[in-house]
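# Inside the fold
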Amino acid sequence: MRIAVTRGVSPAIGHCELTHLEREPIDVEVTRAQHGTYERVLRDLGCQVEHLAEEPDLPDSVFVEDIAVVLDEVAIITRPGAESRRGERSSIQRALEPHRRLEHIRAPGILDGGDVLVVQKDIYVGLSPRSDDEAVRQLKLIVADLGYTVTGVEVRGCLHLKSAVTAVSEDTLLINPDWIDAADLPGHAFIQVDPTERSAANVVWVGDTVLFAADFPRTGERLSDAGFRTLPVDASELAKAEGALTCCSLIFEAPDRNA
């Protein structure tokens, strides 16, 4: 069974952290409607959605991906680069405790889950204003006996690693080459986003379907032309908060209780 942990949209989302965008009004009700559609799509694709209550005092809290990295063997609670987001951790920890053994990134390391791309046994960590080398060092120690390779990679011009690249299959990545060098992720095939859709690389791969932001139809066409089953999802209000599709869920396989 595939689980997707999500959280309701905070009424304070208009006060979210911003790094690369100018602040503009965010319609909370439209954002909630888009987020609800996103959750319905995940359910339709077979996910058991575990919806957490909204956090009224935590503007960015709908973006649950940044608070944990969930592997098959362990979940790592992060230490977000924005101090305002560290209060989001306790509820995510409670949500993950039934499913995984937990580890934590400790001070002085900083890590956002949006900077962590897991492709089979390769873990890439974007070195950004929100994630640093100390977190990479700690992550290597946490997974040292689990067979993973952890590599820090430079990103530029965007908030997180997964703004620049995400997986669409076990061996194929969707990439904006202006924001990350493909050579830093060897051994994979690449599909480039349409050059007019710079933010289109953030997609969610669930089963045999790739969810892409509806604002980026040309990149969606590139994925379809490459043989992928695609589904557009409107996330235009979430994008005003520098959020994207992967940001809004933690998706993982339920533990095998018989193992």
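Not measured: the values here are computed from a predicted model.

The calculated volume of the largest pocket comes to roughly 1,000 Å³. Along the wall of the largest pocket there are 33 residues; nearest its centre are Val70, Val118, Trp205, Ile251 and Phe252. Breaking the lining of the largest pocket down by element, the ones donating at least two residues are β3 (68-70), β6 (116-119), β9 (165-167), β12 (204-206) and β15 (250-253). Split into classes, the residues belonging to the lining of the largest pocket amount to 17 nonpolar, seven polar and nine charged. In this structure, the second largest pocket occupies an estimated 510 Å³ of space. Surrounding the second largest pocket, 28 residues form its lining, Ser199, Ala239, Glu242, Gly243 and Ala244 being those nearest its centre. Looking at the lining of the second largest pocket, the elements that each hand over two or more residues are α4 (161-164) and α6 (236-239). Here the residues of the lining of the second largest pocket are counted per class, giving 13 nonpolar, 10 polar and five charged.

Now for the pairing of strand β10 (residues 172-175). Neither face of β10 is open: one carries Thr172 and Leu174, the other Leu173 and Ile175, and all of them are buried. Both β9 and β10 contribute to a ladder of three bridges, which runs antiparallel. Bridge pairing links Val165 to Ile175 in β10. Counted between consecutive antiparallel strands, the loop separating β9 from β10 contains four residues. Pairing of β10 with strand β11 (residues 189-192) involves four bridges; the strand directions are parallel. Paired with Thr172 across the two strands is Ala189, which belongs to β11.

The next point concerns the sheet that holds β6. Taken together, the three strands give an open sheet; going across it, the order is β6-β7-β8, and neighbouring strands pair in mixed fashion. Where the open sheet ends on each side, the last strands, each with one partner, are β6 and β8 (149-154). Neighbouring strand axes in the sheet, compared pairwise and without regard to direction, differ in orientation by 25° on average. Note that strand β7 (residues 122-127) and β8 share six bridges and pair parallel. Counted as the bridge partner of Gly126 is Val153 from β8.

Take the nonpolar core next. By size, the foremost hydrophobic cluster in this structure holds 23 residues, and its most contacted members are Ile13, Tyr38, Leu42, Phe63, Leu211 and Leu245. When residues of this core are traced back to their parent elements, those giving at least two are α1 (28-44), β2 (47-52) and β12. With four residues, the single largest contributor to this core is α1. Apart from residues no more than four positions distant in its own chain, Phe63 is found in contact with Arg85, Glu88, Leu238, Ala241, Gly243, Cys247 and Cys248. Grouped together as the second largest cluster of nonpolar side chains are 17 residues, Ile105, Leu127, Leu139 and Val150 included.

About the criteria used
Residues numbered from 1 in each chain as written. Predicted model: local features only at pLDDT ≥ 70, side-chain atom pairs only at ≥ 80, totals over all residues. Heavy atoms only, no water. 1 Å grid on protein atoms, 1.4 Å probe; cavity = no way out; pocket = protein on both sides within 12 Å on 5 of 7 lines; lining within 4 Å. Points joined across faces, edges and corners; volume = space filled by probe spheres on them. Helix = DSSP H or I, 4+ residues; strand = E, 2+ residues; numbered from the N terminus. Nonpolar A, V, L, I, M, F, W, Y, C, P; charged D, E, K, R; others polar. Buried < 20%, exposed > 50% of the residue type's maximum accessible area, 1.4 Å probe, protein only. Pairing = 2+ DSSP bridges. Axes fitted to C-alpha atoms, helices over the stretch in contact; angles between N-to-C directions. Core = buried A, V, L, I, M, F, W, Y, C linked by side-chain atoms within 4.5 Å. Contact = heavy atoms within 4.5 Å.

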